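Listed below, chain by chain, are the residues.
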Amino acid sequence: MSGAGGPRPGAEGLSDAASIASRVRSGELRAADVAEQVLGDVESRDAELHCFNLVTGEAMRAAAAEVDRLVATGADPGPLAGVPVALKDNLCTKGVPTTCSSRMLEGWSPPYDATVVRRLVAAGALVVGKTNLDEFAMGSSTENSAFGPTRNPWDTGRVPGGSSGGSAAAVAAGFAALALGSDTGGSIRQPAALCGVVGIKPTYGLVSRYGLVAFASSLDQVGPFATTVADAALLLETIAGHDEMDSTSLGGPVPRLTEALRSGVDGLRVGVVRDFLADASADCVAAVRNGADVLSRAGASVEDVALPELLHGLSAYYLIAPAEASSNLARYDGVRYGLRVDGEDVEQMNARTRAAGFGPEVRRRIMLGTYVLSAGYYDAYYAQAQRVRTLVARAFARAYEHVDVLLAPTAPSVAFPLGAKTEDPLEMYLADLFTIPSNLAGHPAMSVPFALDGQGLPVGVQVLAPALGEVAMLRAGVALESGATPGARGPVRPGAVV
Amino acid sequence: MAVELTVAEVRHVARLARLELSAEESVHVAGQLSAILDHVEAVRALDLEGIPATSHPLELVNVLRADEVRPCLTREEVLGGAPAVEDGRFAVPRILGETP
């Protein structure tokens, strides 16, 4: 057993999707063996971490057998052949329970697969199971799950971040080489930072939302988790691209992401978002400054930029996202799927069902959203928040006249202890301060594991780019990765660090 | 200016949102929503005269597909997740208030 952080002895081959796929495709490694190793590992260690709401072991073994059969017959098993992948439990999987970590959907199985799931399966990936999240993706710690919190593999007394905490922790724990999450205000990037893995929120519309259970439709985007930037780019390339089942899906070609990894950062113009540094911990600020130095030494030009408008993003987000959520979650009415609690008439049945099925944070956001959309408050709150959204987009546009990418902390702090912020919703919301502006603007952004704090906990650095600027973002991401503190990224043994 | 949501306002909002709410929870939620709204007051105070609203990050136009018959979920699949079904339809409690 490993007594310290860093890759686990003998399991390095399972930490890297590109090498797993390469070895499986060549016949050197059997997908069936990958599946058995992963399932055994999850069986022995996930009871403590609770990354997964559901492990789909039989389906994983069947998928592995199919990959091995294709390899044996000389057919192409796909670019992700034999790679174990974890799916956030708000992505629909046909015939497989999809709960959103809510009592409302407990026991419900969707009649169709999300487009991203279909693309993963077609690429030869092996789905390990469905990962825990804050209920309906509302939260920043995965403590809002109706099925109990996920624990951070770096220190099991701390949260993994959220809302995609189960996916981030599954990759950090070495249970899956890749995972999918969704990011509405930071729900991929913040847990990625807190778990020492790579997480990308793509440009809005680059990845299909068909089959992603809707939270705030103008902000939601599906994206990848991985242990390396190259793996994250590979996964994003696999799931990206037009989908006629999503009316907000972009047309046009997908940027050649994996090619970006070799281009270096010579001549890349990098701006450091100065306004974010005052609200971040010393370790998070130091990571950004050191990251800027790494990029500078690699040939990028670096300057500080002032974007004070971005700090208004948080308030605008906590009006816009609940407003959209209150509308999207109206569908949980006890009629078509999920929970029903009986009542005298339809209205009482609706109200009882929704009170029993939704947890406190979801109820709070539905009421907040209903309030800001209600007569007399719409202009003062919702319309004003939408104007702030324009302000944020304009601030970004101003910056991108001079720089190609922006650098910022991903989160204000490292992973915090379980229970530290559950009593105060506002305190929890502040965890998303630096990630929200990219969602408001529809821009891509990623978190790269870069450093360790004094306690050995991972610190992420965020790279932001303009719409469809994934190539520049990934160029910076790879350079940051190569200059990162050794041991700053997963997988780790649970509890090994602290 | 501190925002104070009254319990009556919270109960009205809960009714609009079809959420049953106990008297105790109404008080609790009134405090929490007031604190959140208080935090976002700064946004209300911004002078954004002349700044257009953004409702969506993309320049969207309606996307329509050709009006062609194509395979879709069967009735059984659609009804398969429903809590109550009757004669191939979703079953609900009475909608109108009158007695039979």
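Going by the structure above, here's the rest.
Here we summarise the structure given alongside this text. (Residues numbered from 1 in each chain as written. Chains lettered and ligands numbered in written order. Predicted model: local features only at pLDDT ≥ 70, side-chain atom pairs only at ≥ 80, totals over all residues. Heavy atoms only, no water.)

## Describing the overall build of chain B
Within chain B, the secondary structure is distributed over four helices and two strands. Seen in sequence order, chain B has helices and strands lined up from the N terminus as α-α-α-α-β-β. The C-alpha radius of gyration of chain B comes to 23 Å, more than 25% above the 13 Å expected for a compact globule of 100 residues. Across its three principal axes, chain B shows a C-alpha extent of roughly 55 × 45 × 25 Å. The proportion of buried residues among the 100 residues of chain B is 28%. Intrachain contacts of chain B at a sequence separation of at least 6 include 36% that bridge at least 24 residues. Of the roughly 7,100 Å² that chain B leaves accessible, carbon and sulfur atoms contribute 54%. Distance between charge centres in chain B, computed from 9 positive and 17 negative side chains, equals 9 Å. (Helix = DSSP H or I, 4+ residues; strand = E, 2+ residues; numbered from the N terminus. Rg over C-alpha atoms; globule rule 2.2 N^0.38 Å. Buried < 20%, exposed > 50% of the residue type's maximum accessible area, 1.4 Å probe, protein only. Contact = heavy atoms within 4.5 Å. Areas by Shrake-Rupley, 256 points an atom, 1.4 Å probe, with all protein chains shown as cover. Lys, Arg positive; Asp, Glu negative; His and termini not counted. Charge placed at Lys NZ, Arg CZ, Asp CG, Glu CD.)

## A closer look at the overall build of chain A
Counting its secondary structure elements, chain A contains 16 helices and eleven strands. Against the globule reference of 23 Å for 498 residues, chain A gives a C-alpha radius of gyration of 21 Å, in line with a compact fold. Looking at the 498 residues of chain A, the share that counts as buried comes to 66%. Accessible surface computed for chain A: about 15,200 Å², of which carbon and sulfur atoms make up 50%.

## What to know about the state of the cysteines
Residue and element names in this part refer to chain A. Under the counting rule described, the total for this entry stands at zero disulfides over all chains. Here Cys92 is not cross-linked by a disulfide; its sulfur's nearest cysteine counterpart is in Cys100, at 7.4 Å. Between Cys284, a cysteine without a disulfide, and Cys195, which holds the nearest cysteine sulfur, the sulfur-to-sulfur distance is 14 Å. When its relative accessible area of 3% is taken as the criterion, Cys284 is described as buried. (Disulfide = S-S within 2.5 Å.)

## Topic: the packing of aromatic side chains
All names here are of chain A. Under the criterion given, the structure shown has 15 aromatic pairs over all chains. Arranged with centres 5.0 Å apart and planes meeting at 20 degrees, the rings of Tyr112 and Tyr210 form a pair that is stacked. Taken together, the residues span a long stretch of sequence, with Tyr112 in the loop between strand 2 (84–88) and helix 4 (115–122) and Tyr210 in the loop between strand 5 (198–201) and strand 6 (222–226) at a distance of 98 residues. Geometrically, the ring pair formed by Tyr318 and Tyr429 is stacked, given 3.8 Å between the ring centres and 5 degrees between the ring planes. Of this pair, Tyr318 sits in helix 10 (residues 313–328) while Tyr429 sits in helix 14 (residues 425–429), and the two are 111 residues apart along the sequence. The exposure class of Tyr318 is buried, given its relative accessible area of 2%. Among the aromatic residues, those joined into a cluster by ring pairs are Trp108, Phe136, Tyr332, Tyr337 and Phe358. A cation over a ring is seen here: Lys421 above Phe416, with NZ or CZ 4.3 Å from the ring centre. (Phe/Tyr/Trp six-rings, centres within 6.5 Å; stacked < 30°, edge-to-face > 60°. Lys NZ or Arg CZ within 6 Å of the ring centre and 35° of its normal.)

## Focus on unusual backbone geometry
Residues and elements named next belong to chain A. Residue Gly162 is joined to Ser163 through a cis peptide bond whose omega torsion reads 10 degrees. Among the secondary structure elements, Ser163 is positioned in the loop between strand 3 (126–131) and helix 5 (165–172). Cis peptide bonds are those with omega within 30 degrees of zero, and the linkage from Gly490 to Pro491 qualifies with 5 degrees. With a phi angle near 55 degrees, Cys100 is a residue other than glycine that sits in the positive phi range. Summarising the element assignment, Cys100 is placed in the loop between strand 2 and helix 4. Overall, Cys100 belongs to the buried group, its relative accessible area being 0%.

## Some points on the interface of chain B and chain A
Across the boundary between the two partners, chain B contributes 51 residues, which contact 60 residues of chain A. For the pair chain B and chain A, the summed buried area comes to about 5,000 Å², and 67% of that belongs to carbon and sulfur atoms. Among the residues chain B hides against chain A, the three largest losses belong to B:Leu19, B:Glu20 and B:Ile36. Together they make up 12% of the total. Across the pair B:Glu20 and A:Arg352 runs a salt bridge, and its minimum N-O distance is 3.3 Å. In this structure, the connection of chain B to chain A is made through 20 residue pairs in polar contact (both at pLDDT 80 or more). For the side of chain B that touches chain A, the elements supplying multiple residues, two or more each, are helix 1 (7–16), helix 2 (23–39), helix 3 (41–45) and helix 4 (75–79) of chain B. (Buried area = accessible area lost by both parts, 1.4 Å probe. Salt bridge = Lys/Arg side-chain N within 4 Å of Asp/Glu carboxyl O. Polar contact = N/O pair within 3.5 Å; in protein donor to acceptor, adjacent residues only side chain to side chain.)

## A closer look at helix 9 (residues 282–297) of chain A
All names here are of chain A. An ideal rise of 1.5 Å per residue puts 22 Å on 16 residues; helix 9 measures up with 22 Å between its terminal C-alpha atoms. Buried within helix 9 we find Cys284, Val285, Ala287, Val288, Gly291, Ala292, Val294 and Leu295. Once helix 9 ends, the next one or two residues include Gly299, with phi positive near 110 degrees. (Expected span 1.5 Å × (residues − 1).)

## Observations regarding the packing of helix 1 of chain B against helix 2 of chain B
Residues and elements named next belong to chain B. One can describe the packing of helix 1 onto helix 2 by two numbers: an axis separation of 9 Å at closest approach and a directional angle of 105 degrees. Comparing the axis directions of helix 1 and helix 2 gives the class roughly perpendicular. Residues Val7, Val10 and Arg11 of helix 1 form the contact with helix 2, whose own contacting residues are Ala23, Ser26, Val27, Val29 and Ala30. (Axes fitted to C-alpha atoms, helices over the stretch in contact; angles between N-to-C directions. Parallel < 35°, antiparallel > 145°, perpendicular 65-115°, else oblique.)

## Description of the environment of A:Gly483
All names here are of chain A. By the secondary structure assignment, Gly483 is in the segment after helix 16 (470–482). The spacing of Gly483 and Gly291 is 192 residues in sequence and 7.6 Å in space, taken between C-alpha atoms. When near neighbours in sequence (up to four residues on either side) are disregarded, Gly483 contacts Val294 and Phe450.

## So, the sheet that holds strand 9 (residues 405–409) of chain A
Residue and element names in this part refer to chain A. With respect to topology, eleven strands assemble into an open sheet ordered 1-3-2-4-6-5-10-11-9-7-8, the strand pairing being mixed. What marks the edges here is a single partner per strand, and that holds for strand 1 (52–55) and strand 8 (301–305). Each strand axis lies, on average, 25 degrees off the axis of its neighbour in the sheet, ignoring direction. In this structure, strand 7 (residues 269–273) lies alongside strand 9, joined through three bridges in parallel fashion. Residue pairing across strands places Val272 opposite Leu407, the latter belonging to strand 9. (Pairing = 2+ DSSP bridges.)

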